[in-house]
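Residues per chain are reported as follows:
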Amino acid sequence: MSENQHEFWADAVADEVEASDPEEPVVIKGGVSPSGVPHVGHLNELLRGWFVAEALRDRGYKVRQVFTSDDRDALRKVPRRLATSEFELVELGDDRVNASALGRNLGKPYTSIPDPIEGCDHDSYGDHFTHLLHRSANLLGVDVDFESNTELYESGAFEPATQTALAQRDAAHEVLAEYQSDVPDDYVPFMAQCAECGRLTDDVREVDVDAGTVGYVCSGLTAGGREVEGCGTEATATLREGKLPWRFEWPAQWVTLGVDFEPFGKDHAEWRRDRRDGVRPPVTGADDLRVVHARGRATLLLRGERRYGARAARSPRARGRAVLLRAQPPKGPRPRRGATGPARGRLRPSRTGGAWP
Ligand SMILES: [Zn+2]
Ligand SMILES: [Zn+2]
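Here the structure is a predicted model, which is why all the values come from computation and not from measurement.

Participant: For this particular structure, what's the right way to read the overall build of the protein?
Facilitator: Check the secondary structure of the protein and you find eight helices and 18 strands. By the burial criterion, 39% of the 357 residues in the protein qualify as buried. Pairs at least 24 residues apart make up 63% of the contacts formed inside the protein by residues separated by at least 6 positions.

Participant: Looking at this structure, I do not really get helix α6 (residues 159-167). What am I missing?
Facilitator: Residue pairs three or four apart in sequence face the same way in an α-helix, which turns once every 3.6 residues. Residues of α6 that are buried include every one of Ala161, Thr162, Thr164, Ala165 and Leu166, and no others. On the buried face of α6, the contacting elements are α7 (169-177), β8 (204-208) and α8 (246-257).

Participant: Please explain the environment of alanine 177 as it appears in this structure.
Facilitator: Of note, alanine 177 is situated in helix α7. Residue classification places alanine 177 among the partly exposed residues on the basis of 15 C-beta atoms within 10 Å. Taking the C-alpha atoms as reference, alanine 177 lies 9.9 Å from tyrosine 187; in sequence the two are 10 residues apart.

Participant: What am I meant to see in the packing of helix α1 (residues 9-19) against helix α2 (residues 40-58) here?
Facilitator: Helix packing for two helices is described by the angle between their axes and how far apart those axes are. Axis separation between α1 and α2 bottoms out at 9 Å; the angle between their running directions is 65°. By the angle between their axes, α1 is roughly perpendicular relative to α2. Along this stretch, α1 crosses α2, giving a crossing that reads as right-handed. For the pair formed by α1 and α2, the contact residues are Ala10, Asp11, Val13, Ala14 and Val17 on the first element and Phe51, Val52, Ala55 and Leu56 on the second. A per-class count over the contact of α1 with α2 returns eight nonpolar, no polar and one charged.

About the cut-offs
Residues numbered from 1 in each chain as written. Chains lettered and ligands numbered in written order. Predicted model: local features only at pLDDT ≥ 70, side-chain atom pairs only at ≥ 80, totals over all residues. Helix = DSSP H or I, 4+ residues; strand = E, 2+ residues; numbered from the N terminus. Buried ≥ 20, exposed ≤ 12 C-beta atoms within 10 Å, placed from the backbone. Contact = placed C-beta atoms within 7 Å. Axes fitted to C-alpha atoms, helices over the stretch in contact; angles between N-to-C directions. Parallel < 35°, antiparallel > 145°, perpendicular 65-115°, else oblique. Left-handed = near helix turned anticlockwise from the far one by under 90°. Nonpolar A, V, L, I, M, F, W, Y, C, P; charged D, E, K, R; others polar.

Encoded structure:
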């Protein structure tokens, strides 16, 4: 490339994705919690994925763009402003908002809370705001498949990844404790949803990985900086009745959905190359458009002092068999996917020679 030309960032990311020999369709993911009114950050999340999807389609790849609605996350505070299904902003005091239902439902997953708009008939708070996100994508002409985390749990799709995280909970503790000072010794990377009150609780005391169950006490959680009380129920939940904490749920999405690329801010990720772990997170385009492709340990780094560790993994041969934490070292050199397939990639030049129209 001559010095007078500039490479379009999405082509640079597409180069990285191609270099990872992805299977088709190439899967590009974004995702947000359906916590409230869609905003420009959601637009950014959709469009950054779309630009890379289009760059890969120009090169002849089949691409599936997915967007996860992280709708099993808990409502942590009552939002002051909501939006109707027609994108009309409504304040909390507006009589179209069912404010009392919101207050009663702190600590519950978005999909376990009624639609907050009076007279609106979505199945839940989560469905209401996912609908707005989906409509926003349609208005932009972005062809994207929405995946509900709640459905991924309820269908059992997340169960293998959840079992892996629970089977390796000692390793989960060890990795987290490297970065956080308050990880309890009996840390369990799972939050159960109370069968009695519907709130999430992280007070999980027994784990039976083979049976796929956990014993829990509904002892409340901290939401929005204040304590939400639990109801005290002691019971057993299956792995479909709860959720992974986000730092495990995120790589669970990668392995379950076979993600090849996901854009996110570099404040969320610090990649360390450590091939001993034999793990393979997807390609990521960081906020400053620096592209990082690392096969190794992923350390999620949040703004400020606190650092969280997580290990994402993906089997080089079979999706879904990868481990999330402390993957065993691979035996022998990692096979190159697609090494025996037809040559691909640079056969067709980019439509615009590298610059977006
Ligand atoms: Zn609605
Ligand atoms: Zn409860």
